[in-house]
Amino acid sequence: MFDVRARWFPLCALVGATLLVTACGSGDAEVAYWSNGSDQDKAVESYAGSAHCGWQDLTFLHVRWPLAGQTGEPANRQYVRDPAGQLGAEVRASYAPRAELPADARTTDYTGPDGQQLWLAPSDADNLAYVVYPGSQRVEAWPRTTQTLGCD
């Protein structure tokens, strides 16, 4: 028997996040869906911040939680690439342009529009996501926001 209640919250959370991004988050930027080669290719998305809010140097990453292999309450998580530290108290950790993957980090199998890979570590997934760039193997640590941010 199909349990509607078990799927209701994640569906509402995804619709709500999509509406938030559409209404006030991404501005004129296009949303890029990251792919994992399966049916869940819209579980991870990124977009540039809005220029009219002064966030044009930021890149937001939305993750429908939990991804395969992760645990936690169904929700949406937002991480941000914030080189200048504009968001300050709105993030749970600091952005690191040259980070090292923690020993427990694992790939999520999600690949971004430029081939970058999303990695998470159970030891700090509540605070950071790791983006590994192809070729250089450069790793950036993107902090999680304290709440889903958008701009009017």
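Caption draft 1: Just unusual backbone geometry, in detail. Trp65 connects to Pro66 through a cis peptide bond whose omega is -5°. On the secondary structure map, Pro66 appears in the loop between strand S3 (59-65) and strand S4 (75-81). At Asp109, a residue that is not glycine, the phi angle is positive and equals roughly 70°. Here Asp109 is to be found in strand S5 (residues 106-111). Among the residues examined, Asp109 registers a relative accessible area of 51% and is labelled exposed.

Caption draft 2: Looking closely at the confidence of the model for the chain. Put simply, the chain has an average pLDDT of 82, and 79% of its residues get 70 or more. Every residue in residues 1-27 scores below 50 in pLDDT, and together they form 30 contacts with partners more than four places removed in sequence or on other chains.

Caption draft 3: Quick peek at the layout of surface pockets. By volume, the largest pocket amounts to about 170 Å³. Lining the largest pocket are 13 residues, and of these Ser46, Thr59, Pro113, Asp114 and Gln116 sit closest to its centre. Element by element, the count of residues in the lining of the largest pocket is highest for strand S2 (residues 44-48), at three residues.

Caption draft 4: Examining the state of the cysteines more closely. Within this structure, the stated rule accounts for one disulfide. Between the sulfur atoms of Cys53 and its disulfide partner Cys151 the distance amounts to 1.5 Å. What sets the handedness of the Cys53 and Cys151 disulfide is the S-S torsion sign, and at about 85° it is right-handed. One end of the pair, Cys53, is in the loop between S2 and S3; the other, Cys151, is in the segment after strand S8 (139-143), with 98 residues separating them in the sequence. On the basis of relative accessible area, Cys53 is assigned to the partly exposed category, the value being 28%.

Caption draft 5: Main features of the packing of aromatic side chains. Counting across every chain of the model gives two aromatic pairs. Ring plane angle 20° and centroid distance 5.4 Å describe the contact between Tyr47 and Phe60, whose orientation is recorded as stacked. In this pair, Tyr47 sits in strand S2 while Phe60 sits in strand S3, placing the two residues 13 residues apart along the sequence. Overall, the relative accessible area of 3% leaves Tyr47 in the buried class.

Caption draft 6: Representation of the environment of Thr108. You can see Thr108 is positioned in strand S5. Sequence separation between Thr108 and Leu118 is ten residues, and the spatial gap between their C-alpha atoms is 5.9 Å. Among residues more than four places away in sequence, those in contact with Thr108 are Leu67, Leu118, Trp119 and Leu120. Separated by 3.2 Å, the side chain of Thr108 and the backbone nitrogen of Tyr110 make a polar contact. At a separation of 2.8 Å, a polar atom in the side chain of Thr108 contacts the main-chain carbonyl oxygen of Leu118.

Analysis parameters
- Residues numbered from 1 in each chain as written.
- Predicted model: local features only at pLDDT ≥ 70, side-chain atom pairs only at ≥ 80, totals over all residues.
- Heavy atoms only, no water.
- Helix = DSSP H or I, 4+ residues; strand = E, 2+ residues; numbered from the N terminus.
- Buried < 20%, exposed > 50% of the residue type's maximum accessible area, 1.4 Å probe, protein only.
- pLDDT = per-residue confidence, 0-100.
- Contact = heavy atoms within 4.5 Å.
- 1 Å grid on protein atoms, 1.4 Å probe; cavity = no way out; pocket = protein on both sides within 12 Å on 5 of 7 lines; lining within 4 Å.
- Points joined across faces, edges and corners; volume = space filled by probe spheres on them.
- Disulfide = S-S within 2.5 Å.
- Phe/Tyr/Trp six-rings, centres within 6.5 Å; stacked < 30°, edge-to-face > 60°.
- Polar contact = N/O pair within 3.5 Å; in protein donor to acceptor, adjacent residues only side chain to side chain.

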